[in-house]
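Spelled out, the chains give:
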Amino acid sequence: MPTLTTDQSEKEIDYLLHFALSLEEAERSSVTIKNYLCDLNYFVKWFEQKTNQKLSPEQITPTDLRDYKHYLSEVLLLKPKTVNRKLSSLKSFLNWAVVEELIPEHRTPRVPNPIPEVTVGPQWLDRNEQHALVRIVEQGKNQRDITIIQLLLNTGLRISELCSLMWSDIQITNRKGRLIVRSGKGGKRREIPLNQDARRVLQELGYHQNQNKKEAIFCGQRGAMTPRGVESMLHKYVTYTELNEVTPHKLRHTFCKNLIDAGVSLGKVAMLAGHENMETTRRYCSPSGHDLETAVELIGVGE
């Protein structure tokens, strides 16, 4: 990407677009880029309303950043996690601006420190909740949907990875099986062994008839299923249960938590989940909000 110069007029430069292009070149996922842009558009709107100026990196001051943090946490009362994520997105944007020589490094405004917060583990489904979800989906007797739920619970696939699966990515023998993620987060390839439950549902969906075909495994009325289509399908079933919100990402968390509870090492969990940082995996050793609620209920006196 050509380096931007500061003598270009504001109207000629779409800073967020160029920032997004740099993220694409760095092979960041589409979801990550979308989240960055969402956070940054939020800041742009606030900045332009506050200053009556179009945003350009060199105009952002330390006072702006402190005021923005105050606005998010004290006016909007957003959760610390949300505030910290938006500040982190801003920091990445400013670092990019330095690399592109839009602002000198020594004049880069310092992003305020994140708000301290108690770290709580990711949300996942306990065993009873997993059984309730699987049961309601099985009652629907849609083999595609059954296979999706079982794969999410037994492989920990990201939703984008699930939607990209082709039959040629699956290899099943009498006693073994594996699934190939050809382009995971950061474009990385990994292989995930398929346990008995995962092999069974794939075979019932038509593995032997479609083996080695470069065709999408999961299709809707208009072709390969999209992440939104999977989320909509999942929501349809959850409405008939007493479960709280269940998302594909929550099922990925559940997969990791099940492995930790079964005594699988952090290194193996990280490889199966495709985590780049071991600290991401270590979160599953922390109690979730549900775990804390259960703990408090244990000491309740009751009636």
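Residue numbers here run from 1 along each chain, matching the order of that chain's written sequence. With pLDDT at 70 or above as the cut-off, local features in this predicted model cover only qualifying residues; side-chain atom pairs require 80 or more to be listed or tallied, and sums for whole chains, interfaces and linings still use all residues. For side-chain calculations, the full set of non-hydrogen atoms in the structure is used, while hydrogens and water are omitted.

Brief notes about the sheet that holds strand β1 (residues 170–172)
Inference 1: Paired strands are those between which DSSP finds at least two bridges. Numbering of helices and strands runs from the N terminus; a helix is a DSSP stretch of H or I covering at least four residues, while a strand is a stretch of E covering at least two. As summarised here, the arrangement of the three strands in space is β1-β2-β3, forming an open sheet in which the pairing is antiparallel. Two strands bound the open sheet, and with one partner strand each, they are β1 and β3 (190–193). Recorded for the sheet is a direction-independent mean angle of 20° between the axes of neighbouring strands.
Inference 2: Alignment of β1 against strand β2 (residues 177–181), held across three bridges, turns out to be antiparallel. Here an axis means a line fitted to C-alpha atoms, over the contact stretch when the element is a helix, while the angle between two N-to-C directions is reported on a 0 to 180 degree scale.

Examining helix α5 (residues 127–140)
Inference 1: Multiplying 1.5 Å by the residue count of a helix minus one yields the expected span of that helix. An ideal rise of 1.5 Å per residue puts 20 Å on 14 residues; α5 measures up with 20 Å between its terminal C-alpha atoms.
Inference 2: For every residue, the accessible area obtained with a 1.4 Å probe (protein chains only) is divided by the maximum for its type, and the residue is called buried under 20%, exposed over 50%, and partly exposed between those limits. Residues of α5 that are buried: Glu129, Gln130, Leu133, Val134, Ile136 and Val137. The buried residues of α5 all sit within an arc of 165° when viewed along its axis, so they share a single face. Opposite the buried face of α5, at more than 90 degrees from it, the exposed residues are Arg127, Asn128, His131 and Arg135.
Inference 3: Capping the start of α5 is the job of one residue whose side-chain oxygen sits 3.1 Å from the backbone nitrogen of Asn128: Asp126.
Inference 4: Just downstream of α5 lies Lys141, where phi reads positive at about 60°. The directions from the helix axis to the C-beta atoms form the arc being described. Whenever two N or O atoms come within 3.5 Å, that pair is a polar contact, provided that in protein one can donate a hydrogen and the other can accept it, and provided that, for residues adjacent in sequence, both atoms are side-chain atoms.

Examining the pairing of β3
Inference 1: Residues of β3 alternate between two faces, with Arg190 and Ile192 buried on one and Glu191 and Pro193 left unburied on the opposite face.
Inference 2: Bridge count between β2 and β3: four bridges; the pairing is antiparallel. Among the inter-strand pairings, Ile180 is bridged to a residue of β3, identified as Glu191.

A short note on the environment of Thr281
Inference 1: Within the fold, Thr281 resides in helix α13 (residues 278–282).
Inference 2: Should any heavy atoms of two residues lie within 4.5 Å, those residues are counted as being in contact. Excluding residues that lie within four positions of it along the chain, Thr281 makes contacts with Leu266, Val269, Ala270 and His275.
Inference 3: Separated by 2.8 Å, the side chains of Thr281 and His275 make a polar contact.

Here we look at the packing of α5 against helix α10 (residues 227–238)
Inference 1: Their axes nearest at 9 Å, the elements α5 and α10 cross at an angle of 100°. With respect to α10, the axis of α5 lies roughly perpendicular. Here Leu133, Ile136, Val137 and Gly140 of α5 come into contact with α10, specifically with Leu234, Tyr237 and Val238.
Inference 2: Only Asp, Glu, Lys and Arg are considered charged, only Ala, Val, Leu, Ile, Met, Phe, Trp, Tyr, Cys and Pro nonpolar, and every remaining residue, Gly among them, polar. Here the residues of the contact of α5 with α10 are counted per class, giving six nonpolar, one polar and no charged. Under this scheme an angle from 65 to 115 degrees is roughly perpendicular, one under 35 degrees roughly parallel, and one over 145 degrees roughly antiparallel; angles in between are oblique.

A few points about the confidence of the model for the protein
Inference 1: pLDDT measures the predictor's confidence residue by residue and takes values from 0 up to 100. Confidence in the prediction of the protein, expressed as mean pLDDT, is 88, and 93% of residues score 70 or more.
Inference 2: pLDDT under 50 marks residues 1–12. Its contacts with residues more than four places away, or in other chains, come to 20 contacts.

So, the pairing of β2
Inference 1: Burial runs high along β2: four of the five residues are buried.
Inference 2: In this structure, the hairpin formed by β1 and β2 is closed by a connection of four residues.

Here's the deal with the pattern of salt bridges
Inference 1: Put simply, a salt bridge is a Lys or Arg side-chain nitrogen that is within 4 Å of an Asp or Glu carboxyl oxygen. Tallying each qualifying case throughout the model produces 15 salt bridges.
Inference 2: One salt bridge in this structure joins Asp145 and Arg144, with 2.9 Å as the shortest N-O distance.
Inference 3: Its relative accessible area of 22% is what places Arg144 among the partly exposed residues.
Inference 4: The salt bridge partner of Arg158 is Glu161, with a shortest N-O separation of 2.8 Å.

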